[in-house]
Protein chains: 2
Amino acid sequence: MEDLSFIPDIPCGPLGEYRNSATFNWKRLKLSLEGDIELLKLKYKIWQTLERDPLFAHSNVTPPVEEEKRITQLQLKRINEYKFYTAETFRASYSKRTRALMTINEAVNSYNPSVSVKMAIGIYLVSNALLSLGTERHLKFYEATILNREILASIALTEIAHGSDAKLMRTTATYDPSTRQFVIHTPDFEAAKCWVGNLGKTCTHTLLFAQLITPDGTNHGLHGFLVPVRHPATLEVYPGLIIGDMGEKIGVNGIDNGFIMFNHYRIPRENLLNRTADVTEDGVYESSFSDPSRILGAALENLSAGRVGIMQESCHSIASAVAIALRYAASRRQFGERDREIPLIEYELHQWRLFGYASAAIVFRLYVENFTNIYLSIVEKSNSGERVDNLSEAVGEIHAMVSCSKTTLSWTVLEAIQQCREACGGYGFLKCARIGDIRSNHEPTVTYEGDNNVLSQQAGNWLLRQYQAAINGNTVDSPLGTVAFLKDYNSISRKAFSCTDTSQLKTVQFITDTYKWLLCWLLKETHEKYEAEVTKGLSKFLAKTKSQVYRWKTLTRVYAEYLAIVFSVQSIAKKERELKPVLYKLFYLYGLWSLDKHLVELYQGGYGKGDLMARLLRDAILELCGELKGEMVSVADALAPTDFILNSVLGKSDGNLYQNLQTALFSNPDTFGRASWWREAVARPQAKL
Amino acid sequence: MEDLSFIPDIPCGPLGEYRNSATFNWKRLKLSLEGDIELLKLKYKIWQTLERDPLFAHSNVTPPVEEEKRITQLQLKRINEYKFYTAETFRASYSKRTRALMTINEAVNSYNPSVSVKMAIGIYLVSNALLSLGTERHLKFYEATILNREILASIALTEIAHGSDAKLMRTTATYDPSTRQFVIHTPDFEAAKCWVGNLGKTCTHTLLFAQLITPDGTNHGLHGFLVPVRHPATLEVYPGLIIGDMGEKIGVNGIDNGFIMFNHYRIPRENLLNRTADVTEDGVYESSFSDPSRILGAALENLSAGRVGIMQESCHSIASAVAIALRYAASRRQFGERDREIPLIEYELHQWRLFGYASAAIVFRLYVENFTNIYLSIVEKSNSGERVDNLSEAVGEIHAMVSCSKTTLSWTVLEAIQQCREACGGYGFLKCARIGDIRSNHEPTVTYEGDNNVLSQQAGNWLLRQYQAAINGNTVDSPLGTVAFLKDYNSISRKAFSCTDTSQLKTVQFITDTYKWLLCWLLKETHEKYEAEVTKGLSKFLAKTKSQVYRWKTLTRVYAEYLAIVFSVQSIAKKERELKPVLYKLFYLYGLWSLDKHLVELYQGGYGKGDLMARLLRDAILELCGELKGEMVSVADALAPTDFILNSVLGKSDGNLYQNLQTALFSNPDTFGRASWWREAVARPQAKL
């Protein structure tokens, strides 16, 4: 057994009884969720380093947005100085160094998403893109960004009037052969690049996507350019640019999102990221003869890196929120019999409200950890030029997986955080509970890196192609095997609910089989609806828009849940024996709790009928809630970061709820004493009533 | 026709096409939703008064919480000075003056809930309670609060360790006959009164609920006391009290929620609110011989006033959020064919995401307006001593209605606001979109005045009593008629889905019949589950806890939706002819969209089976979305307050989305220019790359 003494023990306290009832060691579960002891050690090293540094001390009161930006920038600088990403890691394999970057990102995300997102955009994503879209001449920028941290950059894609639809973007980069420069121009405010993280006040360079136009007037579509925007020593904006900050947002106010307008702004020809295409000095556009597998790998990485990051961050946000709510549920007592009050966690309704999300926190984490390894190994192989069978098919499948998983995870986590807030009652509404901040900072993930409703449609495109192949008797292009079951489409579609006892539902078999049936039925429904609309004379575009509600949208959601199920159960099978009972129970709960949301489709499609299916499914869910009650405080311990990082008065590991609350309330500088503005506040001169 | 020229016209702009497609005049709909032209005029008067007063100018940036408290207090004082609640209204009938107070509250709520909640708690609720719990000797406090605005008060009930369970509260008021005083004492921090709005920094009196103990040591339970806590002229806290502020919250930070601990703090005997019971000078506890109907009316008012207020405020929050999202949906174009971009509102998925909530905004408003009148007339009659048949039954029914309606409305509105935020994409995440603030400020309504999950259980108690009466062949106690249909329990339970065409679903009959069936089935399910648990040997308390999930909780939700349906359709029937077509369509959409969430129960209980029920229901919903598309911008106009009050860059009535966005971004003081902290932000001395 590995030495886990680097994980601090939890102090004794009122939650001891619930901890004693767990069937497993929470530190073993924590390690198991991380998947790698070195990465877990790195996380604790980061958490403990931040805890010791006063620059990272928590504030009782949200500072004004300008101050939040300042602190976030200073914290990012300090993290750069700590060099958690070492020169040695920099020289390691792609998978290894990327896992390290991901782990640092996750650790910082648990502390404060503004800092991690600022870092992820300005350092990780930009340097990745430089490596994959650029060539040798851009390596110095790559090293300056990721290794030496001399550059903080940004990525400028979205325009004021165009978000998801990249084709219609209007910022141009026109090549001028007389000076060998690109001239970048923004026709009007509607074409200003916007939402650019780090651009508002801090970055010195931006990775700009603009329509490349050659001197002959031909538009070659969106290309990437590295554009200097501020003087690194003075942070003064260069002439020819208008840069502004987007102002206050619902969350992540430490990030200076900005907009930018270019007025015939010139950059050297070499700043075009020219891996796939270049413009000669004379202004001729040339596609590069590059290794096609590398291009695919690069495309995959650029499409997916940010979204995989959101999946990982979502796992950490739900972990923190659920840990807070579970510990609170075990400490807070309300109502009871004969004046013996009962902890909230004993109430079935409270279990049902929280445990489904707790199981999601575990299943998502197992899924994302497993998926990340597969994803990295494919990108690594393709980057290395190694031959990968079915690479383009694998890229398509991974893109579909990421598109719907980013969507489903980020939405489920948003719901989870909200439920956790409500489950903590009024105290959940306090800033010092931290659930509000977790929520506000998680909130943008459902919109950025592809709006969830738009992004998930892309997974549907891929799924329907595979469905058509299957029903036409052709091979399904599913190198990762996520829809390999479609070859059995006919036999799966004939299946029906036949359980007579809840024990039959609490099985891997029932859950995966039911999901397969659901996917088959939803594919058929979606396909038929789409075809019917086309037959009515609608264009493909419009037919697709008429197939979203109840079909396409549900299909991609169910596919994402199915992925979480398949990849997490794969992972559970390899875990140590002591952990399996609790992991399987959590898995069953997640599976059945998720299926509960699709009972209508199971009835409508005739998988089940009458009373029994819903009754057994729901009984099984409530049974699992009861069986898991004694495990949940230890599950919370395995999910939670350190108390300092969790930073919640309700979620402290010692469980001394009211003492902690008193300390928090009493230590706020504005708690006691008359308001400084009392003179203005007095109602009016009056007699004492 | 009434002269509606006091409602400002909407400027011409890009939304004109959608406005022209509406079948009705939006001002007529607005009046119809308000129900009373004088109240609508009062609202516009308030909105226009605030718009002209620089004290109410909006801020681009959220101020620090201390500053928010200061501004909120000054705004409340200013509103008091404007005397929107006139001395004349003060002398009007109970119904009339209460409607005026409610309207003022709604108007201010649309501007900023911190101000309205501060006012509602500190002035309206307190003065109501003084009137209904107190006697003649408390009238001077009543007038000082509501009429002269000399007192800003608060209500202290919840304790640190006890929220919903009033029985176990531990703050005591022990009568001392030697000084004819009550001695108020807080045994420890866990018994501190907390969450008390206005207590943190501003109020001078609190209406305290404490266990009344007579000299013989008998505890007579919770009683109300008016307790002076701060000197009105200096706002200094009186000796013997520890008062603190609860600190920063997720929203409504303009309200100074506070906690208080009493150290043998003495108040005169006369400060007991003694309508129902008093303590003699010698210390003998005496129930008052008061008119029992008045007591019931008072109890009803005290239980319900805050919750009815939340229902009204919820209607205004959803109206604002939906108006913003609908106007944005009509202005924002994305994707399309042949580069002709299509407004979001044209997409079926977008319609489906928003229109259900838009219909809820209309139906809720009609329901609450209708219900409020019934509620006020019953309270008024009972207060006046007039004989009301079945008063105690009516009080029980109204309490059940309010308990589940406050719950269902506040939750649905929270979901609506979230959906509106997401439907506005990234721009919805900007503070200047205002949806984030609407959400944060609405958020506490699901917790306060009774946590939704706990409060709704009370409606279930009442419903199950009526069910048992019905199945035992006894009379149902439903003076308002909300469950009068239970007398036909057997015939309703035998009904089944028999439609063959969507037109049959788009009827009042189908929707109400289906709801009645659902209620009957859920009552039976809940009752049987509860009885089964009792039979197993569980206590009533525990049996109830085991009947919540999928039963009790669903039952009360369905009952609340049914109430909205019954009372709104009653109201629609009386509306002017021009408005009926759109109102019925909105009603059908709300009804079917709500039933869609209960399809599982409709299948499980055998109301319908196989494909047809879900298919027709969902087809009907999508048909209604299509039919309502041309109406929705005008529906938004009818729901929205003035542009100043709505205060959303995305929701301005002119529809000039990008110009408004540019103005908003450019007018923020921190948009342009180098950060004042740029020296700290520079990465490190480096060459220009």
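Residues numbered from 1 in each chain as written. Chains lettered and ligands numbered in written order. Predicted model: local features only at pLDDT ≥ 70, side-chain atom pairs only at ≥ 80, totals over all residues. Heavy atoms only, no water.

## Describing the confidence of the model for chain A
Next up, step 1: For chain A, per-residue confidence averages 95 on the pLDDT scale, and 97% of positions sit at 70 or higher.
Next up, step 2: Listed scores for the predicted complex are pTM 0.97 and ipTM 0.97. (pLDDT = per-residue confidence, 0-100.)

## Considering the interface of chain A and chain B
Next up, step 1: Taken residue by residue, the interface counts 134 residues in chain A and 134 residues in chain B.
Next up, step 2: Contact between chain A and chain B buries roughly 12,300 Å² in total, counting both sides, with carbon and sulfur atoms accounting for 60%.
Next up, step 3: Remark: the boundary between chain A and chain B carries ten salt bridges.
Next up, step 4: Glu601 of chain A is the salt-bridge partner of Arg618 of chain B, the closest N and O atoms lying 3.0 Å from each other.
Next up, step 5: Between chain A and chain B we count 60 residue pairs in polar contact (both at pLDDT 80 or more) in total.
Next up, step 6: Looking at the side of chain A that touches chain B residue by residue, the classes come out as 58 nonpolar, 34 polar and 42 charged. (Contact = heavy atoms within 4.5 Å. Buried area = accessible area lost by both parts, 1.4 Å probe. Salt bridge = Lys/Arg side-chain N within 4 Å of Asp/Glu carboxyl O. Polar contact = N/O pair within 3.5 Å; in protein donor to acceptor, adjacent residues only side chain to side chain. Nonpolar A, V, L, I, M, F, W, Y, C, P; charged D, E, K, R; others polar.)

## Things to note about the sheet that holds strand β8 (residues 258-262) of chain B
Residue and element names in this part refer to chain B.
Next up, step 1: Spatially, β4-β8-β7 is the arrangement adopted by the three strands of the open sheet, whose pairing is antiparallel. The open sheet has two edge strands, β4 (193-196) and β7 (241-245), and neither has a second partner. Going across the sheet, the axis of each strand differs from the next one's by a mean of 20°, ignoring polarity.
Next up, step 2: Relative to β8, β7 is paired through five bridges, and the arrangement is antiparallel. Bridged to Ile242 within β8 is Met261. (Pairing = 2+ DSSP bridges. Helix = DSSP H or I, 4+ residues; strand = E, 2+ residues; numbered from the N terminus. Axes fitted to C-alpha atoms, helices over the stretch in contact; angles between N-to-C directions.)

## A few points about helix α4 (residues 65-82) of chain B
Next up, step 1: The first and last C-alpha atoms of α4 of chain B sit 26 Å apart over 18 residues, in line with the 26 Å expected at 1.5 Å per residue.
Next up, step 2: Within α4 of chain B the residues assigned to the buried category are Val65, Glu66, Glu68, Lys69, Thr72, Gln73, Leu74, Gln75, Leu76, Lys77, Ile79 and Asn80 of chain B.
Next up, step 3: At its buried positions, α4 of chain B is contacted by α25 (678-681) of chain A together with α3 (37-52), α6 (94-111), α7 (113-133) and β7 of chain B.
Next up, step 4: Trailing α4 of chain B by a residue or two, Lys83 of chain B shows a phi angle of about 50°, which is positive. (Expected span 1.5 Å × (residues − 1). Buried < 20%, exposed > 50% of the residue type's maximum accessible area, 1.4 Å probe, protein only.)

## So, the pairing of strand β12 (residues 333-337) of chain A
Every regular strand shows the same layout, with side chains that alternate between the two sheet faces.
Residues and elements named next belong to chain A.
Next up, step 1: The sheet contact formed by β12 and strand β13 (residues 340-343) spans three bridges and is antiparallel. Across the sheet, Arg333 pairs through a bridge with Pro343, a residue of β13.
Next up, step 2: Counting the residues in the hairpin turn of β12 and β13 gives two residues, including Arg338, whose phi is positive at 45°.

## A few points about the UniProt feature "domain: Acyl-CoA oxidase/dehydrogenase middle" (unreviewed entry) in chain A
Next up, step 1: In the numbering used here, UniProt assigns the "domain: Acyl-CoA oxidase/dehydrogenase middle" (unreviewed entry) feature to residues 155-263 of chain A.
Next up, step 2: Secondary structure content for residues 155-263 of chain A is 0% helix and 41% strand, while the C-alpha to C-alpha distance between its ends is 19 Å. (UniProt positions renumbered as here; feature names shortened; annotations may be inferred.)

## Topic: the domain arrangement of chain A
Next up, step 1: Partitioning chain A into domains gives domain 1 (152-289) and domain 2 (475-631).
Next up, step 2: The straight-line distance from the C-alpha centre of domain 1 of chain A to that of domain 2 of chain A is 44 Å. (Domains from an automatic or database assignment.)

## Some points on the relation of the copies chain A and chain B
Next up, step 1: Superposing chain A onto chain B takes a rotation of 180° plus a shift of 0.0 Å along the axis, which leaves an RMSD of 0.0 Å. Within this description, the copies of the chain are treated as partners about a two-fold rotation axis. Across chain A, the smallest distance between a C-alpha and the rotation axis is recorded for Val600 of chain A, namely 2.7 Å.
Next up, step 2: A symmetric contact is evident, with 100% of the interface residues of chain A recurring at the interface of chain B. (Least-squares fit on C-alpha atoms with pLDDT ≥ 70 in both.)

## A look at the pattern of salt bridges
A side chain with one charge can pair with a side chain of the opposite charge if their charged atoms come near.
Residues and elements named next belong to chain A.
Next up, step 1: Counting across every chain of the model gives 80 salt bridges over all chains.
Next up, step 2: The salt bridge involving Lys118 is made with Asp256; its shortest N-O contact spans 2.6 Å. Of this pair, Lys118 sits in helix α7 (residues 113-133) while Asp256 sits in the loop between β7 (241-245) and β8 (258-262), and the two are 138 residues apart along the sequence. Accessibility assignment for this pair places Lys118 and Asp256 in one class, buried.
Next up, step 3: Among the salt bridges present, the one from Arg180 reaches Glu281, with a minimum N-O distance of 3.3 Å. Placement of the pair is Arg180 in the loop between β2 (172-176) and β3 (181-185) and Glu281 in the loop between β10 (277-279) and β11 (285-287), with a sequence separation of 101 residues.
Next up, step 4: In this structure Arg180 comes out as partly exposed when scored by relative accessible area, which is 46%.

## Looking at the packing of helix α11 (residues 391-423) of chain B against helix α12 (residues 435-442) of chain B
Residues and elements named next belong to chain B.
Next up, step 1: Running from N to C, α11 and α12 point in directions that differ by 160°, and their axes come no closer than 9 Å. On the basis of the axis angle, α11 is roughly antiparallel to α12. α12 is crossed by α11, and the crossing has left-handed handedness. The segment α11 lies against α12, with Ser410, Val413, Leu414, Ile417, Gln418, Cys420 and Arg421 engaging Ile435, Ile438, Arg439 and His442.
Next up, step 2: Of the residues assigned to the contact of α11 with α12, the class counts are six nonpolar, three polar and two charged. (Parallel < 35°, antiparallel > 145°, perpendicular 65-115°, else oblique. Left-handed = near helix turned anticlockwise from the far one by under 90°.)

## Digging into the nonpolar core
Next up, step 1: Core analysis: the largest hydrophobic core is formed by 386 residues, its most contacted members being Leu592 and Leu650 of chain A together with Tyr427, Leu592 and Leu650 of chain B.
Next up, step 2: For this core, the element with the highest residue contribution is helix α10 (residues 348-383) of chain B, accounting for 19 residues.
Next up, step 3: In this view, Leu592 of chain B contacts Leu505, Lys506, Phe510, Ile511, Leu617, Ala620, Ile621 and Leu624 of chain B; residues no more than four positions away in its chain are not counted. (Core = buried A, V, L, I, M, F, W, Y, C linked by side-chain atoms within 4.5 Å.)

## A word on the packing of α7 of chain B against helix α8 (residues 139-147) of chain B
All names here are of chain B.
Next up, step 1: The interhelical angle for the contact between α7 and α8, taken along N-to-C directions, is 160°, at an axis separation of 9 Å. Between α7 and α8, the interaxial angle falls into the category roughly antiparallel. The element α7 and its partner α8 pack so that their crossing is left-handed. In contact with Gly122, Ile123, Tyr124, Ser127, Leu130 and Leu131 of α7, α8 contributes Leu139, Phe141, Tyr142, Thr145 and Ile146.
Next up, step 2: A per-class count over the contact of α7 with α8 returns eight nonpolar, three polar and no charged.

## Quick word on the side chain of Lys69 of chain B
Next up, step 1: Tracing the chain through its elements places Lys69 of chain B in helix α4.
Next up, step 2: For Lys69 of chain B, a relative accessible area of 4% translates into the label buried.
Next up, step 3: When near neighbours in sequence (up to four residues on either side) are disregarded, Lys69 of chain B contacts Trp677 of chain A together with Asp245, Asn253, Gly254, Ile255 and Asp256 of chain B.

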